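# Overview (structure and organization)
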Amino acid sequence: MNSTFSTDLKIGVLGGGQLGRMLIQAAIDLGIDLKIMDEENAPCSQYAAHFTCGDIRNHEEVVEFGKNLDILTIEIENVNVDALKELESHGVNVYPQPNVIELIQDKGLQKQFYEKIGVPTAPYKLLKDITDLETEIEFLPAVQKLRKGGYDGKGVTAIESGENIQNGFDAPSVLEKFVDLDKELSVIVSRNNKGEITTFPVVEQEFNPEANLVEFLFSPADITTAIQEQAEAYAIKIIEQLDMVGILAVEFFLDRSGNLFVNEVAPRPHNSGHQTIEGNYTSQFQQHLRAISGLPPGATEIILPSVMINLLGEKGSEGEAHYEGLEEILKWKGVYPHIYGKSISKPFRKMGHITVVNKDLTEAKKLALKVKETIRVIGK
Ligand code: ADP
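A separate point is the packing of aromatic side chains. What the rule picks out here adds up to three aromatic pairs. Between Tyr234 and Phe252, the ring centres sit 6.4 Å apart and the planes meet at 35°, which makes this aromatic pair tilted. Of the two residues, Tyr234 is situated in helix H7 (residues 225–242) and Phe252 in strand S14 (residues 246–255); the sequence distance between them amounts to 18 residues. Residue Tyr234 shares its accessibility class with Phe252, and that shared class is buried. A cation sits over an aromatic face here: Lys177 above Phe139, 4.2 Å from the ring centre. Note that Lys365 overlies the ring of Phe218, its terminal NZ or CZ placed 4.4 Å from the centroid.

The structure is reproduced here in structure tokens:
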């Protein structure tokens, strides 16, 4: 028998940043009102049909927010997992499941998990503090990563040799062998509660070396079919082994010898899937909502190749955000700005993104470079 979808589904989201805003846009297309919880003035606060001002890390506040919901999801991992477990035990469908969020909050547990399920990841050591780092000189060059709380390159530092030990973190961390990177790749995989799985085509991310943030994203990635299939197979294995419902962004390193290593995963919409809004048949945001609501997954194929540019706050400026050059880029074909509505710009803060689509990826790249040179977010 066919089940009947109801737009009365009560779906809540912990976190109300730009990912939440784009989830709201996708939810509107399905006729669903999302309920969002975050702090005052979060980017979603003016747009959510129901916005609850609260702390997503606070046990009581999360339980209070979630207790009458049918489904509760997240747009950031830094949430109170115990509260989610309590809600789950009272019958709320929490997707991704609290045990998955718990694993992902800890980069050390993530590494052990990849090892356990046989998905290759760069060699590593677990450190309890900086004294452990001093005993691992032979393992260098490596990258030290805080086990918990890091994001967007914060909580990650390169330790080239014994002379750089003083730059290390004095906290529980993962020391990961330095990978001689050819490319950084990402696959978004989705799974609904009936176990139906889809993957989006592999994309390639180019990082800004100073900010450690994605500067350009190319869809599709310029890789062999074998690497494409391998990355998708690993992504599917990870989501199956996690028994997870929702979407999962799986980030990979491809080294110069052609080896693929999983770097980390994020169980939510991700920066490496923003181009799917214009570039693919189904966006990552709609796919996430479909997965958690038990709806059939949408087709993930690329309609047009695309380049995504993160719009970062200009270095050396802070204050009210001004978008220089926006009017110019709006005149160009295939250029889609997404401004997140954050009032204050800070150096390297993610203020928006721009997607450029073209039937020829080389042309899209050329135009994306022009966009990059033309638009600036200045804080005044
Ligand atoms: P975050 O969770 O903050 O995004 P990542 O672990 O993804 O942190 O690291 C941020 C960036 O640092 C990566 O995208 C990559 O460019 C670089 N990096 C991380 N680990 C390694 C490694 N083992 N070898 C080489 N570069 C790395």
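Having put the structure on the table, let's press on.
Sheet strands line up and pair through hydrogen bonds in the backbone, either parallel or antiparallel. Strand order in the open sheet formed by four strands is S6-S9-S7-S8, with antiparallel pairing between adjacent strands. The strands lining the two open edges of the sheet, one partner per strand, are strand S6 (124–127) and strand S8 (156–159). For this sheet the average axis-to-axis angle between neighbouring strands, irrespective of direction, equals 25°. Across four bridges, strand S7 (residues 142–146) lies against S8 in antiparallel orientation. Within the sheet, the bridge partner assigned to Gln144 lies in S8 and is Thr157.

With that out of the way, let us pick up the site of the ligand. In the vicinity of the ligand, 18 residues are found, and the nearest of them are Lys145, Gly153, Glu176, Glu184 and Glu264. At 2.9 Å, a side-chain N or O of Asn263 approaches an oxygen atom of the ligand. Contact distances for the ligand include 2.7 Å between an oxygen atom and a side-chain N or O atom of Glu264. Protein chains shield 90% of the accessible area of the ligand, which is 550 Å² for the free molecule. For the shell around the ligand, the secondary structure elements donating two or more residues are S7, strand S9 (173–177), strand S10 (181–191) and strand S15 (260–266). Looking at the shell around the ligand residue by residue, the classes come out as eight nonpolar, three polar and seven charged.

A word on the environment of Val214. With respect to the helices and strands, the residue Val214 is situated in strand S13 (residues 213–219). Residues Val214 and Asn271 lie 57 residues apart in sequence; the distance between their C-alpha atoms is 8.1 Å. Residues contacting Val214, with those up to four places away along its chain left out, are Gln205, Glu206, Phe207, Asn271, Met308 and Asn310.

Attention shifts here to the nonpolar core. Ranked by internal contacts, the top residues of the largest apolar core, which has 27 residues, are Ile238, Leu242, Leu248, Val250 and Phe252. Contributing elements (two or more residues each) for this core: helix H4 (98–104), helix H5 (107–117), S10, H7, S14 and S15. Of the residues forming this core, the biggest block, seven residues, is contributed by H7. Beyond its immediate stretch of four places on either side in the chain, Leu248 contacts Ile104, Val187, Ile188, Val189, Ile238, Ile239, Leu242, Val265, Ala266 and Pro267. If you look at the next biggest cluster of nonpolar residues, it comprises 22 residues, including Met22, Ala26, Leu30 and Ile292.

Conventions and cut-offs
- Residues numbered from 1 in each chain as written.
- Predicted model: local features only at pLDDT ≥ 70, side-chain atom pairs only at ≥ 80, totals over all residues.
- Heavy atoms only, no water.
- Phe/Tyr/Trp six-rings, centres within 6.5 Å; stacked < 30°, edge-to-face > 60°.
- Helix = DSSP H or I, 4+ residues; strand = E, 2+ residues; numbered from the N terminus.
- Buried < 20%, exposed > 50% of the residue type's maximum accessible area, 1.4 Å probe, protein only.
- Lys NZ or Arg CZ within 6 Å of the ring centre and 35° of its normal.
- Pairing = 2+ DSSP bridges.
- Axes fitted to C-alpha atoms, helices over the stretch in contact; angles between N-to-C directions.
- Near = heavy atom within 4 Å.
- Polar contact = N/O pair within 3.5 Å; in protein donor to acceptor, adjacent residues only side chain to side chain.
- Areas by Shrake-Rupley, 256 points an atom, 1.4 Å probe, with all protein chains shown as cover.
- Nonpolar A, V, L, I, M, F, W, Y, C, P; charged D, E, K, R; others polar.
- Contact = heavy atoms within 4.5 Å.
- Core = buried A, V, L, I, M, F, W, Y, C linked by side-chain atoms within 4.5 Å.

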